[in-house]
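Chain and residue survey
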Amino acid sequence: MAIAQLITPEKHDLGGFSVYRSLPQPARAMVGPFIFFDHLGPAVFPPGKGVDVRPHPHINLATVTYLFEGSLLHRDSLGVVQEILPGEVNWMTAGKGVVHSERSPDHFRTSESTLHALQIWIALPENYEEINPTFSHHPATDLPQWTTTGTAATLIAGDFQQYTSPVQTFSPMLYLSLLFTENSQFQLPAISEKENIERAVYSVTPGISINGNPLEPHQLAVLAPNEAITLSGRADAKCAVIGGKPLGRRTKYWNFVSSEPARIEQAKKDWQTFTTDPSLSQRFHPVNGETECIPLPKNAKAISSDTPVQPLS
């Protein structure tokens, strides 16, 4: 069986648009180093409206933003201001701590507009969790792109066959975006269990099949080892492929990820200090041009990656 586990995402309404969250879930918290997987939209905004995610913190992880349609403006406590457009990649390494906001730019709000994107968090290996935060932007022309059997492939991060993305990563991984034409295909070679690599396919749109079996939209299919995979799709169907080596136990609480639960508790205290008086904070810093932030939630629950995985029944 090509599919070891099927994950149906939770759907969240963020006020005017929907987000489908595939990771983490009670049935599975991670795929390789991937610990958070959000699919935004497609969301249609009327004139004057857009995304407004106020400043919030991260630790011990990297965030990756990839757009199919629309625009987002990233601002962070490093002083970076960067608009991202379709086909481009924003990679932010939070390390020991960073604060950022994401908003629709002003020019996006002048008329009706659409946003369609994937936002993913990647856990960092333990020896990189507390590195200094950094940000990198990669235009679409920098990313490896090729066409095979009618399918257009873009390597967002990691390695695949002879291709290597310029996006700096901290552990072996794969992050691919695939766009199909009518009856086109894409091959994923078999990986043995000894290689200890986890892989999954996410159906961004309808029309995706795995070894001839249809995959419903918004489903994340964790692939079984020891089997070659043939992905196929209808015209304009899209999917993403993620994977990599597991990193061991991680705890996620709100916007924090760490191998050490005590580090999560410290981050919670640090953010409470920051939101009370930013001048008293030594770990988090303000975002230029922003005057508000998201407070620490009162009822968030920690999720651990050592939760037993529920196999496909």
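The sections below set out a description of the structure shown in this document. Nothing here was measured: the structure is a model prediction, and the numbers come from that model. (Residues numbered from 1 in each chain as written. Predicted model: local features only at pLDDT ≥ 70, side-chain atom pairs only at ≥ 80, totals over all residues. Heavy atoms only, no water.)

Let's shift gears to the pattern of salt bridges. Oppositely charged side chains are able to pair whenever their charged atoms sit close together. Taken as a whole, this structure holds 10 salt bridges when the rule is applied. With a closest N to O distance of 2.6 Å, Arg-263 and Glu-130 form a salt bridge. Of this pair, Arg-263 sits in helix 1 (residues 261-276) while Glu-130 sits in the loop between strand 11 (113-123) and strand 12 (134-138); the two residues are 133 residues apart in sequence, bridging distant segments of the chain. Taking the relative accessible area as the measure of exposure, Arg-263 reaches 12% and is therefore buried. Owing to a relative accessible area of 38%, Glu-130 belongs among the partly exposed residues under this scheme. Here Arg-283 makes a salt bridge to Asp-270, at a shortest N to O gap of 3.0 Å. You can see Arg-283 sitting in the loop between helix 1 and strand 26 (303-304) and its partner Asp-270 sitting in helix 1, a full 13 residues away along the chain. For Arg-283, a relative accessible area of 38% gives the class partly exposed. Salt bridges sharing common partners tie together Asp-52, Arg-103, Arg-109, Glu-290 and Glu-292. (Salt bridge = Lys/Arg side-chain N within 4 Å of Asp/Glu carboxyl O. Helix = DSSP H or I, 4+ residues; strand = E, 2+ residues; numbered from the N terminus. Buried < 20%, exposed > 50% of the residue type's maximum accessible area, 1.4 Å probe, protein only.)

Residue Pro-24 follows Leu-23 across a cis peptide bond; omega there is -5°. Within the secondary structure, Pro-24 is located in the loop between strand 3 (18-23) and strand 4 (34-45). Residue Pro-42 is reached from Gly-41 by a cis peptide bond, and omega for that bond is 5°. When you line up the elements, Pro-42 lands in strand 4. Its identity as a non-glycine residue notwithstanding, Thr-149 has a phi of 45°, on the positive side. Along the chain, Thr-149 falls in the loop between strand 13 (145-148) and strand 14 (151-160). Even without a glycine there, the phi angle at Asn-211 is positive, about 50°. Mapping Asn-211 onto the fold places it in the loop between strand 19 (208-210) and strand 20 (213-215). Judged by its relative accessible area of 29%, Asn-211 is partly exposed.

What follows concerns the sheet that holds strand 9 (residues 89-93). Strand pairing in a sheet relies on backbone hydrogen bonds. The paired strands run either parallel or antiparallel. Read across the open sheet, the 7 strands follow the order 2-3-4-11-6-9-12; overall the sheet is antiparallel. With one partner strand each, in any of the chains shown, strand 2 (10-13) and strand 12 form the two edges of the open sheet. Across the sheet, the axes of successive neighbouring strands diverge by a mean angle of 15°, strand direction being ignored. Bridge count between strand 6 (residues 61-69) and strand 11: 8 bridges; the pairing is antiparallel. Opposite Leu-61, over in strand 11, you have Ala-123 as the bridge partner. (Pairing = 2+ DSSP bridges. Axes fitted to C-alpha atoms, helices over the stretch in contact; angles between N-to-C directions.)

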